[in-house]
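Residues per chain, in single letters:
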Amino acid sequence: MPKADEKEITKGQSLVWNTLYSFLGQGVPLIVALGSMPILIRGLGTDRFGILTLIWMVISYFSLFDLGLGRALTQMVAEKTGAGKYQEIPPLMWTASFLMLILGIVGTFVLIALTPTLIYGVLKIPAELRNETEKTFYLLALSVPLITSTAGLVGFLSALQRFDLINIVRIPMSMFMFVGPILVIQFSNSLFPVTLTLVLSRFINWAINLWQCFNVMPDLKKRIVFDKTQLPAMLKFGGWMTVTNIVGPLMVYLDRFLIGSVISISAVAFYTTPYEVVTKLWIIPNSLINVLFPAFTTSHQTSVKSSSELFEKAIIYIFFVLFPVVLLTTTFAQEGLYLWLGADFSRKSSLVLQILAIGIFINSFANIAYTFIQGIGKPNITAKLHLLELPFYLLLVWHLAKIHGIVGVAIAWVLRIAVDAILLFYIADNFLTVVDKTKSRMILILLASMVLILISINLKELQAKIIFSSISLITISLAAYYSLDLKNIYKKIFKPG
């Protein structure tokens, strides 16, 4: 096993390649999903397709049932890697794996127990589909231990920076989430065989990831032990991660319920649609952030200077990749919504889309600080921040929704994001060695970017928008070329061997 400093995790070559793997792991399945959904809707019908989306949700999000242990495992293994304590990794890996398997089994019984209530009480499922759906949910419950256990295996590989191996499996398996049901509906439109296919794919996914872990670290097969001394630190980290995993989604989805109660149900659609569109931009920073979490842990163990350099590079890379996309979104929001959804959405949702795009831009940088703080083993800080923000945010949403409607809700969201970003950067700065000159340059660039975004929002004529965006994109491209030294990075990435 190579030492952490030999992996050069702060170098452009490793960072760019791992980010590219992560981007493909999220982007390719998204494209397949967009193409598959119309076929599945026609083949299954609207009601069965709605149930299938719930099945996808369980498969995608029941990994949260690991109570943050997957993230804890990533952080702790990366920490051991940075310190060169490789002999301590197998007990850590198996302890977390056993715990996550137990939690997955608990999740199975929870889903089985909740199924009758969900089918016959909570969900408005047509009577003729209830029996089929009930059997499907019982079958789906069997996959929960596989889902939680796989999250641990992926967390282990992430800690060792093996995003190539992770995404070699993730891409086809994520695509099969959509392609599998299409294959099944050629023979049957019942949800049971569709779900059986997905459950079997989860088992294959788990088995391949386990095999990859054994290949990366053969000692795992030789030292299958449960080390109870690891439990306190593991559960503490995982517990704080769980708080974040619960509070974070509340701040994402509760605003929709407030819109429905304070404004109207139709207003929910005019807010949610641009939100769902613009938040897809998160795939850009998230691709890098998935790589940064273990990288911050490992680099911080070897050198604070290295983690600081990694922090700076992450901000620069995200800025030059994301800003042009955000600028085009804010510039052509009205025209884009008109072409896609018509005049009504263009009129009522374009300003919301523009405001939310600003929030995505700010939040993408805040996520770097957020990931850094968690990566160095301080998840309690981010969890406490979210707990502190939640009541104030909900009051702000309620107040601005009554005054400004869905535009007010979007403003409240961006204000919360901005305050969150300031606090996260302030906290992260205490653990970094970024020089004042670099900080000032970053702040100046971000302020200039916000000025350009605000100008784009106020442009009305299409011709002016085209001229403005063209000049801006050319300027940004030139700045990126010289600031990032793209020619040199290209040579490093694609150098022979």
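All of these numbers come straight from a predicted model, not from anything done at the bench.

Draft legend 1. How the structure looks around the overall build of the chain. Tallying secondary structure elements over the chain gives 19 helices and zero strands in all. Sorting the 497 residues of the chain into buried and exposed places 52% on the buried side. Partitioning the intrachain contacts of the chain with sequence separation of at least 6 by distance along the chain shows that 83% fall at a separation of at least 24.

Draft legend 2. Main features of the layout of surface pockets. Considering only enclosed or pocket space, the second largest pocket measures out at about 640 Å³ in volume. Along the walls of the second largest pocket sit 19 residues, with A421, I422, F425, I443 and L446 positioned nearest its centre. Secondary structure elements with two or more residues in the lining of the second largest pocket: α13 (304-331), α15 (343-375), α16 (379-429) and α17 (436-458). Each residue belonging to the lining of the second largest pocket can be placed in one class, and the counts come to 17 nonpolar, no polar and two charged.

Draft legend 3. Molecular detail of the environment of L191. You can see L191 is positioned in helix α8 (residues 191-216). For the pair L191 and L44, spaced 147 residues apart in sequence, the C-alpha to C-alpha distance is 8.4 Å. With sequence-adjacent residues up to four places away left out, L191 is seen in contact with R48, I51, L52, E132, T133 and T136.

Draft legend 4. Looking closely at the nonpolar core. Residues Y271, F311, I368 and W413 are the most contacted members of the largest nonpolar core, which totals 75 residues. When residues no more than four places from it in sequence are discounted, the contact partners of I368 are I289, L292, F296, F311, A314, I315 and I318. Formed by 33 residues, the second largest nonpolar core is a distinct cluster that contains A72, L99, A159 and V216.

Draft legend 5. Examining the environment of I263 more closely. Relative to the helices and strands, I263 is located in the loop between α10 (231-262) and α11 (265-278). Between the alpha carbons of I263 and G405 there is a distance of 6.6 Å; along the sequence they are 142 residues apart. Apart from residues no more than four positions distant in its own chain, I263 is found in contact with L258, A401, G405 and I406.

Draft legend 6. Spatial organisation of the pattern of salt bridges. Going through the model one piece at a time under the given rule, you end up with three salt bridges. One salt bridge in this structure joins D164 and R162, with 2.9 Å as the shortest N-O distance. On the basis of relative accessibility, which here comes to 27%, the residue R162 falls in the partly exposed class. E389 is the salt-bridge partner of R416, the closest N and O atoms lying 3.4 Å from each other. By the burial criterion, R416 is buried, and E389 matches it.

Draft legend 7. The packing of α13 against α15, seen in detail. Two elements in contact, α13 and α15, have axes separated by 10 Å at closest approach and are oriented at 170°. With respect to their mutual orientation, α13 and α15 come out roughly antiparallel. Counting all contacts with α13, which are made through S307, F311, A314, I315, I318, F319, L322, F323, V326, T329 and T330, the residues of α15 involved are L353, Q354, A357, I360, F361, S364, F365, I368, A369 and F372.

Draft legend 8. A look at α15. Between the first and last C-alpha of α15 there are 45 Å, a value that for 33 residues agrees with the 48 Å anticipated at 1.5 Å per step. The largest bend in α15 comes to about 50°, at S349. When you tally the buried positions in α15, you get 28 out of 33 residues, the bulk of the element. Once α15 ends, the next one or two residues include G377, with phi positive near 90°.

Draft legend 9. Region of interest: the packing of helix α5 (residues 127-141) against α8. Where α5 meets α8, the closest approach of the two axes is 9 Å, and the angle between their N-to-C directions is 10°. In this view, α5 runs roughly parallel relative to α8, as classed from their interaxial angle. Note on element contacts: α8 touches α5 through L191, F192, T195, L196 and V199, opposite E132, T133, K135, T136, L139 and L140. The residue makeup of the contact of α5 with α8, split by class, is six nonpolar, three polar and two charged.

Draft legend 10. Inspection of the packing of aromatic side chains at higher detail. If you walk through the whole model with that rule in mind, you get 11 aromatic pairs. Taking the centre distance of 6.4 Å and the plane angle of 55° together, the rings of F319 and F361 count as tilted. With F319 in helix α13 and F361 in helix α15, this pair connects stretches of sequence that are 42 residues apart. F361 shares its class with F319; the two are buried. Ring geometry for F323 and F361: centres 5.6 Å apart, planes at 50°, overall tilted. In this pair, F323 is assigned in helix α13 and F361 in helix α15, connecting sequence segments 38 residues apart. The burial state of F323 is the same as that of F361; both residues are buried. By way of ring pairs, the aromatic residues F319, F320, F323, F361 and F365 are connected into one cluster.

Conventions and cut-offs
Every chain begins its residue count from 1, and numbering advances along the sequence as written. Residue-level local features of this predicted model are given only where pLDDT is at least 70; pairs of side-chain atoms are given and counted only at 80 or more, and the full residue set underlies all totals for whole chains, interfaces and linings. Only heavy atoms go into the side-chain values, all of them from the structure, while hydrogens and water stay out. Every helix listed is a DSSP run of H or I at least four residues long, and every strand listed is a run of E at least two residues long, numbered separately from the N terminus. Whether a residue is buried, partly exposed or exposed follows from its accessible area with a 1.4 Å probe, protein chains only, as a fraction of its type maximum: under 20%, in between, or over 50%, in that order. The contact rule is simple, with two residues in contact once any of their heavy atoms fall within 4.5 Å. Grid points spaced at 1 Å over the protein atoms alone were grouped into cavities, where a 1.4 Å probe fits but cannot get out, and pockets, open sets with protein on both sides within 12 Å along at least five of seven lines, with lining residues defined by an atom within 4 Å of a point. Grid points are joined across faces, edges and corners, and a volume is the space filled by probe spheres set on the points. For this classification, Asp, Glu, Lys and Arg are treated as charged, while Ala, Val, Leu, Ile, Met, Phe, Trp, Tyr, Cys and Pro are nonpolar and the rest, including Gly, are polar. Throughout this description, the term nonpolar core refers to a set of buried Ala, Val, Leu, Ile, Met, Phe, Trp, Tyr and Cys residues connected via side-chain atoms within 4.5 Å. By definition here, a salt bridge exists when the distance from a side-chain nitrogen of Lys or Arg to a carboxyl oxygen of Asp or Glu is within 4 Å. Interaxial angles span 0 to 180 degrees and are taken between N-to-C directions of axes, which are lines fitted to C-alpha atoms, for helices over the stretch in contact. For classification purposes, an angle smaller than 35 degrees is called roughly parallel, one larger than 145 roughly antiparallel, one from 65 to 115 roughly perpendicular, and anything else oblique. Working rule for helices: expected span equals 1.5 Å times residues minus one. The angle between axes fitted to the seven-residue stretch ending at a residue and the seven-residue stretch beginning at it gives the bend at that residue. Two aromatic rings, drawn from Phe, Tyr or Trp (for Trp, its six-membered ring), form a pair once their centres lie within 6.5 Å of each other, and the interplanar angle then sorts them: stacked below 30 degrees, edge-to-face above 60, tilted otherwise.

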